[in-house]
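Okay, here's what each chain looks like letter by letter:
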Amino acid sequence: MIEQNRVFDIWWEHPNILFPYLITVDDIPAGLAFVATSPFIPCPHYIDYYMNEFFLLRNYRGKGVGEEAVRQIIGKMPGQWEVQTNPTERNERAKRFWRRTLNTCINGKYSEELGHHPDVGEMLVFRFSTSSEKVSN
């Protein structure tokens, strides 16, 4: 018998505070996104939403699937956002993804700086704001 990893259970135990999203393409799972709100965010108090996890299966990368998923998620949740990613050279693809996606989805209106995550150390931090108006297509 296979036992499920319980670390992810919390995402389904706090509706309207933690938001787990399954990213699908033609009804086939392609990735996931976990969005957190207070008190489950490691960010400054003025952040409404924190992209805790964003993952796409390799076959769906570079095809616009991730960008569309981000567009839909942030379009549903107006407010102050923070996204963090590893700042190392090994993570160039993710850094390019977030820069390109935020340039497209919110017309480049974001800040980018090095910051500190309490659990993992130095991170590249993107902050931006969305409104109740439609996010760019």
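Caption draft 1: Broad picture of the overall build of the protein chain. Secondary structure summary: the protein chain contains two helices and six strands in total. Secondary structure elements of the protein chain, listed N to C terminal, follow the sequence β-β-β-α-β-α-β-β. Relative to the compact-globule value of 14 Å for 137 residues, the protein chain shows a C-alpha radius of gyration of 15 Å, a close match. Dimensions along the principal axes, computed over C-alpha positions, put the protein chain at roughly 50 × 35 × 35 Å. Buried positions account for 40% of the 137 residues belonging to the protein chain. When contacts within the protein chain are restricted to residue pairs at least 6 apart in sequence, those whose partners lie at least 24 apart make up 54%. Accessible surface computed for the protein chain: about 8700 Å², of which carbon and sulfur atoms make up 49%. Averaging the locations of the 15 positively and 17 negatively charged side chains of the protein chain gives two centres separated by 7 Å.

Caption draft 2: Seen up close, the pairing of strand β6 (residues 121-130). Of all the ten residues making up β6, eight are buried; the element is thus mostly covered by neighbouring parts of the structure. Pairing of strand β4 (residues 79-85) with β6, which is carried by seven bridges, proceeds in the antiparallel orientation. Bridge assignment links Trp81 to a residue of β6, and that residue is Phe128. In this structure, strand β5 (residues 110-117) lies alongside β6, joined through eight bridges in antiparallel fashion. Counterpart to His117 in the pairing with β6 is Gly121.

Caption draft 3: Molecular detail of the layout of surface pockets. In this model, the largest pocket occupies a volume close to 820 Å³. Phe54, Phe55, Ala94, Phe97 and Trp98 are, among the 30 residues lining the largest pocket, the residues nearest its centre. Going through the elements one at a time, β3 (49-56), α1 (65-76), β4 and α2 (92-105) are the ones with two or more residues in the lining of the largest pocket. Partitioning the lining of the largest pocket into residue classes produces twelve nonpolar, ten polar and eight charged.

Caption draft 4: Expanded view of the sheet that holds strand β2 (residues 28-36). Strand order in the open sheet made by the six strands is β1-β2-β3-β4-β6-β5, with mixed pairing throughout. Of all the strands in the sheet, the pair left with one neighbour each is β1 (18-25) and β5. The mean inter-strand angle of the sheet, taken between neighbouring strand axes irrespective of direction, is 30 degrees. Where β2 and β3 come together, six bridges link them in antiparallel fashion. Note that in β3 the partner of Ala36 across the bridge is Tyr50.

Criteria and cut-off values
- Residues numbered from 1 in each chain as written.
- Predicted model: local features only at pLDDT ≥ 70, side-chain atom pairs only at ≥ 80, totals over all residues.
- Heavy atoms only, no water.
- Helix = DSSP H or I, 4+ residues; strand = E, 2+ residues; numbered from the N terminus.
- Rg over C-alpha atoms; globule rule 2.2 N^0.38 Å.
- Buried < 20%, exposed > 50% of the residue type's maximum accessible area, 1.4 Å probe, protein only.
- Contact = heavy atoms within 4.5 Å.
- Areas by Shrake-Rupley, 256 points an atom, 1.4 Å probe, with all protein chains shown as cover.
- Lys, Arg positive; Asp, Glu negative; His and termini not counted.
- Charge placed at Lys NZ, Arg CZ, Asp CG, Glu CD.
- Pairing = 2+ DSSP bridges.
- 1 Å grid on protein atoms, 1.4 Å probe; cavity = no way out; pocket = protein on both sides within 12 Å on 5 of 7 lines; lining within 4 Å.
- Points joined across faces, edges and corners; volume = space filled by probe spheres on them.
- Nonpolar A, V, L, I, M, F, W, Y, C, P; charged D, E, K, R; others polar.
- Axes fitted to C-alpha atoms, helices over the stretch in contact; angles between N-to-C directions.

From the geometry alone we can't say anything about function, so treat these as descriptive.
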